[in-house]
Amino acid sequence: MAADSHRQSETERGGMREVPAVAVVPLMADTPKTETRTTVTENQAAAPSSPAPAPKKPSGLAVLMPTVESSSLRQVYSCPESLQRLQSSRPKPQYVCPARGPAVGKTCSVLGGASPVAASGIQIIVVPTTAERTRPKSHTKTCHKVIDDVPPQPAPFLHRCVSLRSNPPSDTFVIHTREVLGSGRFGKVHKCTEKSSGLKLAAKIINTRTAKEKERANNEVQAMNQLSHPNILQLYDAFEAKHQLVLILEYVEGGELFDRIVDESAPLTEVDAMVFVKQICEGVSYMHQMYVLHLDLKPENILCVNRTGHQVKIIDFGLARRYRPREKLRVNFGTPEFLAPEVVNFDFVSFPTDMWTLGVVTYMLLSGLSPFLGDDESQTLNNVLSANCSFEDEAFEHISAEAKDFISHLLVKERGGRMSALQCLRHPWLNNIAEKAKGSNIVLKSQVLLKKYLAKKLWKKNYIAIAAANRFKKISSGGELTSLDTETDTVPIAT
Ligand code: AMP
């Protein structure tokens, strides 16, 4: 669906003020942990005959639930807690959250005990009422769900501060070059095994022919060395050869988040999306407390730990930067539809830059639509700059007001108006998930739409690769081209 069809007029919020220059002192992790394990199973519930209450149609980025924060507090929304403490001694903003009714307006019997998974935490079986069982089915699908709202296992090794080694990686590791886990902008990722321990890992082979590529790869090592968190992929070792750098990484087997959730045999509900987003926020919150900006938090860089659970890890720190107040970072590459307005404008990037991308990812998870995607790159970049997105599309029909409010506080043009990762974790949408799981079981339409989105992206990638290969063939036969830029989904940002 063209993004324009659900676009509305711009609604900007809050004036922006830069964070002051302060000494950069890394902070220790202070992220809240989810300890509740919630198991929700549900008998096949016939959808209610009367449609669910229609959600209020917001206009533009209208805030659906009022907040009590003052505009001055908003200006410091997206910097870490330590900076916020420096800037304001006033009370932290509180969200005013309306009571949340069952998503499909149905009554549920809540029983305890019988669950297909290990008994820890709350176990809830939701069964339909007799009236529901006899009602004719509507277009709204519901599903049985097991929600495992727990943090992922940490890496199977302790955090390591890695220095580049110059001996060949084959001394220590077997890199299974035929088993490609994925390919990124700058190289391929393969399965790999440590010879001495048999530990299963991943080897990311990065081409470093140019000084810029070398800098990027080194940057990735430096950033990962600073980060030790279960929602952030861990670095195990690193090797430097003449034109390559090999990163040995924690291996995760669940694949990319969006690839997994389009599997319709595992229907996606809003509660699933909450758990995924909460995990991403945990990782980002920690990263920001360590003064690291990711700057490329697109869906491909969120991996699932396994094929069934809700645990995710953030990967690819190639574009990551240490935050230095008032430093203008030149971000040359990014995927247009996920870029924050300040990146497009070559303005200061900081913590809120990641929060914008998180807003885009959340919007996509819930609706399957890319909020700023245009017909071509320049239209996409213009859409980002206007920061207009709406919840008008029918894909948002059953999405809660809290979810829309959450996104509305991230897709804010002015950086100062966006929530920080810690504020996201305190937002009502990401809280009381066990309670919400009892009522929210509508299958999101985003699965089907995301499938189309991914198929289109793959088609585009293949098309560009073939076009590039043809171009190479044509020009190299004329002896004009020595190297080929095979970038597919990125665009250099004018500097
Ligand atoms: P990257 O170049 O780091 O963005 O990685 C490219 C792709 O390889 C990712 O989108 C994943 O699909 C896959 N991948 C990267 N790292 C790992 C890993 N540690 N374990 C499993 N798959 C990975």
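Residues numbered from 1 in each chain as written. Predicted model: local features only at pLDDT ≥ 70, side-chain atom pairs only at ≥ 80, totals over all residues. Heavy atoms only, no water.

Per an unreviewed UniProt entry, the chain carries the name Myosin light chain kinase 2, skeletal/cardiac muscle and comes from Salvelinus namaycush. The record held by UniProt for the chain lists under Sequence similarities (unreviewed entry) the comment "Belongs to the protein kinase superfamily. CAMK Ser/Thr protein kinase family." (UniProt positions renumbered as here; feature names shortened; annotations may be inferred.)

(A) Representation of the overall build of the chain. Per the secondary structure count, the chain includes 13 helices and 14 strands. Here the chain holds 495 residues, and 53% of them are scored as buried. For the chain, the proportion of contacts with a sequence separation of at least 24, taken over those separated by at least 6, is 76%. Accessible area of the chain: about 22,100 Å², with a carbon and sulfur share of 54%. (Helix = DSSP H or I, 4+ residues; strand = E, 2+ residues; numbered from the N terminus. Buried < 20%, exposed > 50% of the residue type's maximum accessible area, 1.4 Å probe, protein only. Contact = heavy atoms within 4.5 Å. Areas by Shrake-Rupley, 256 points an atom, 1.4 Å probe, with all protein chains shown as cover.)

(B) Quick peek at the packing of aromatic side chains. Under the criterion given, the structure shown has 11 aromatic pairs. Summarising the aromatic geometry, the rings of Phe 157 and Tyr 236 are spaced 4.6 Å apart at their centres and angled 70° between planes, so their arrangement reads as edge-to-face. Taken together, the residues Phe 157 in the loop between α3 (130–134) and β4 (173–183) and Tyr 236 in strand β7 (residues 235–240) connect sequence positions 79 residues apart. Pairwise contacts between aromatic rings join Phe 157, Phe 173, Tyr 236 and Phe 239 into one cluster. Over the ring of Tyr 236 we find Arg 160; its NZ or CZ atom is 3.7 Å from the centre of that ring. (Phe/Tyr/Trp six-rings, centres within 6.5 Å; stacked < 30°, edge-to-face > 60°. Lys NZ or Arg CZ within 6 Å of the ring centre and 35° of its normal.)

(C) Geometry of the packing of helix α6 (residues 270–289) against helix α8 (residues 351–367). Between α6 and α8, the least distance of the axes is 11 Å, while the angle of their chain directions is 170°. Regarding the angle of α6 to α8, the classification is roughly antiparallel. In the crossing of α6 with α8, the sense of the turn from one axis to the other is right-handed. Taken together, the residues of α8 that come into contact with α6 (itself represented by Glu 270, Ala 273, Phe 276, Val 277, Ile 280, Cys 281, Val 284 and His 288) are Phe 351, Asp 354, Met 355, Leu 358, Thr 362, Leu 365 and Leu 366. Tallied by class, residues from the contact of α6 with α8 come to 11 nonpolar, 2 polar and 2 charged. (Axes fitted to C-alpha atoms, helices over the stretch in contact; angles between N-to-C directions. Parallel < 35°, antiparallel > 145°, perpendicular 65-115°, else oblique. Left-handed = near helix turned anticlockwise from the far one by under 90°. Nonpolar A, V, L, I, M, F, W, Y, C, P; charged D, E, K, R; others polar.)

(D) Expanded view of the environment of Lys 191. Within the element layout of this structure, Lys 191 appears in strand β5 (residues 187–194). For Lys 191, a relative accessible area of 23% corresponds to the partly exposed category. The spatial distance from the C-alpha of Lys 191 to the C-alpha of His 176 is 5.4 Å, given a sequence separation of 15 residues. With residues near it in sequence (within four places) discarded, Lys 191 still touches Val 174, Ile 175, His 176, Glu 179, Leu 181, Leu 201 and Tyr 251.

(E) Seen up close, α8. An ideal rise of 1.5 Å per residue puts 24 Å on 17 residues; α8 measures up with 25 Å between its terminal C-alpha atoms. For α8, a buried count of 17 out of 17 residues is recorded, marking the element as mostly surrounded by other parts of the structure. One or two steps after α8, the chain reaches Gly 368, where phi turns positive at roughly 80°. (Expected span 1.5 Å × (residues − 1).)

(F) Broad picture of the side chain of Gln 311. Examined against the element boundaries, Gln 311 turns out to sit in the loop between β10 (302–304) and β11 (312–314). Note on Gln 311: relative accessible area 7%, which makes it buried. Separated by 2.9 Å, the side chain of Gln 311 and the backbone oxygen of Val 150 make a polar contact. Every residue in contact with Gln 311, bar those within four places of it in the chain, is listed here: Asp 148, Val 150, Pro 151, Pro 152, Gln 279, Leu 303, Cys 304, Val 305 and Asn 306. (Polar contact = N/O pair within 3.5 Å; in protein donor to acceptor, adjacent residues only side chain to side chain.)

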